[in-house]
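What the coordinates show
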Amino acid sequence: MQPLIVLNNVSKRYQPGGPPAVDALSLSVEPGEILALLGPSGCGKTTTLRLIIGFEAPDSGRIEIAGRVVADSRQFIPPEARGVGMVFQDYALFPHLTVAQNIAFGLKNLPADERTRRTQRALRITEMEGMADRYPHELSGGQQQRVALARAMAPGYEAVLLDEPLSNLDADLRAQLRGQLRRVLKKTQKTAILVTHDQDEAFQIADRVGVLNRGRLEQIGSPEDIYHTPATRFVANFVGAADFIPGTVRGEGIHTEVGVFANANGFPAGTAVEVMIRPDAVTILPDRVGQAVVTQRLFLGADEVYSLRLPSDVEIHSNQHTTMALPIGTRVSVKLSSSHAVAFASPNSESQ
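Residues numbered from 1 in each chain as written. Predicted model: local features only at pLDDT ≥ 70, side-chain atom pairs only at ≥ 80, totals over all residues. Heavy atoms only, no water.

Here's the deal with the environment of Q320
Take Q320: it is sitting in strand β18 (residues 315–321). By relative accessible area, Q320 is classed as buried at 13%. When the C-alpha atoms of Q320 and N109 are compared, they prove to be 59 Å apart, with 211 residues separating the residues in sequence. Residue contacts for Q320: discarding those within four places in its chain leaves V282, T283, I284, A302, D303, E304 and Y306. Among the polar contacts listed, one links the side chain of Q320 to the side chain of S318, at a separation of 2.7 Å. (Helix = DSSP H or I, 4+ residues; strand = E, 2+ residues; numbered from the N terminus. Buried < 20%, exposed > 50% of the residue type's maximum accessible area, 1.4 Å probe, protein only. Contact = heavy atoms within 4.5 Å. Polar contact = N/O pair within 3.5 Å; in protein donor to acceptor, adjacent residues only side chain to side chain.)

Shown next as structure tokens:
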């Protein structure tokens, strides 16, 4: 199957000689796939969307949509001819137009009956049929988001780009709409690229996640791969809570103060490394001769996060159910799930 969207070594600078907003970025998106681009502010997420839709021209590289080159060193296809819809962060709805009129705005070149048919279909898919005659100011934030999505899909484009589509909503509503947004995109079999800084949003909506840092793609893979097997320390730090325990490669394993881990990366013996562990992979039990001491306990409702001090003064964390209520100062034994531990070479690693 041919990818629907392809970026090949694409770069973009806004200032000559300045840092690249997008730096030699290559990726592809399959038909019907939802890809999330995840990263901190300024990492190049929104610039990537603007390059794909044609609001910006790349300095170098090639962009293809549906097998057609839309931007390279020789040609540049304008946005209206690329066949891609876009949902903006602020939705960009026309306040003087009704919901139906907003959706039909991009269908002016079609016959009236076809405009009506596509508008009604977009309303139905986004579950907005009863809102057709309302104006944007009469809608909730979640309803406005769905109108913006309906408008992007109404022309029948195969691909839709979404720039932080849920960021203007409160936390509870964002959580509700994640599943709904994925359901709508999958029901219509749209190819989608979603830009977000919210890892929960990326993990719950997308089939694959690409993590960007300073314009470069650090890792791309399934949400599970990104979380459990980060390729770089940046990804490990940015995606989910992570702690790092120093260790040294000896023989076949990595030795740390909380146990021995497999040397999956094949680091040479004597290499100083740091082992990443997630709080949900750390099990603790009260133990008068245990190797860690509880220094803090944060109540999160169904769970609690314990801060633990190891003999070396390194601090790690453990997520536990609230049925375990350990007071500060409790000594505990620590057991780690080695399957979710990932090692990285220490920044100044030297052979021992």
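Structure shown, so let's carry the discussion forward.
Quick notes on the sheet that holds strand β16 (residues 292–299)
Spatial strand order, β15-β19-β16-β17-β18: five strands in an open sheet with antiparallel pairing. Sheet topology places β15 (282–286) and β18 at the edges, where each strand pairs with a single neighbour. Averaged over all pairs of adjacent strands, the angle between strand axes in this sheet comes to 40°, irrespective of strand direction. Here seven bridges tie strand β17 (residues 303–309) to β18, and the two strands are oriented antiparallel to one another. By the bridge assignment for β18, S307 is matched with H317. (Pairing = 2+ DSSP bridges. Axes fitted to C-alpha atoms, helices over the stretch in contact; angles between N-to-C directions.)

A short note on the nonpolar core
The biggest cluster of nonpolar side chains holds 44 residues, and the ones touching the most others in it are I103, L149, L162, L185, V209 and V239. Here the element with the most residues in this core is helix α4 (residues 141–153); it accounts for six residues. Membership of the second largest hydrophobic core comes to 27 residues, among which are V10, L27, I53 and L212. (Core = buried A, V, L, I, M, F, W, Y, C linked by side-chain atoms within 4.5 Å.)

With respect to helix α1 (residues 45–53)
Structurally, the α-helix is built with 3.6 residues per turn, so residues lying three or four positions apart point the same way. With seven of nine residues buried, α1 lies mostly within the body of the structure. Three or more residues of α1 are buried, namely K45, T47, T48, L49, L51, I52 and I53.

Notes on the pairing of strand β3 (residues 34–38)
With five of five residues buried, β3 is to be regarded as a mostly interior element. Every second residue of β3 is oriented toward a common face, with I34, A36 and L38 on one face and L35 and L37 on the other, all of them buried. Relative to strand β8 (residues 191–196), β3 is paired through five bridges, and the arrangement is parallel. Bridge pairing in β8 links I34 to A192. As paired elements, β3 and strand β9 (residues 208–213) share four bridges and run parallel to each other. Bridging across to β9, L38 finds its partner in V211.

Geometry only, nothing functional implied.
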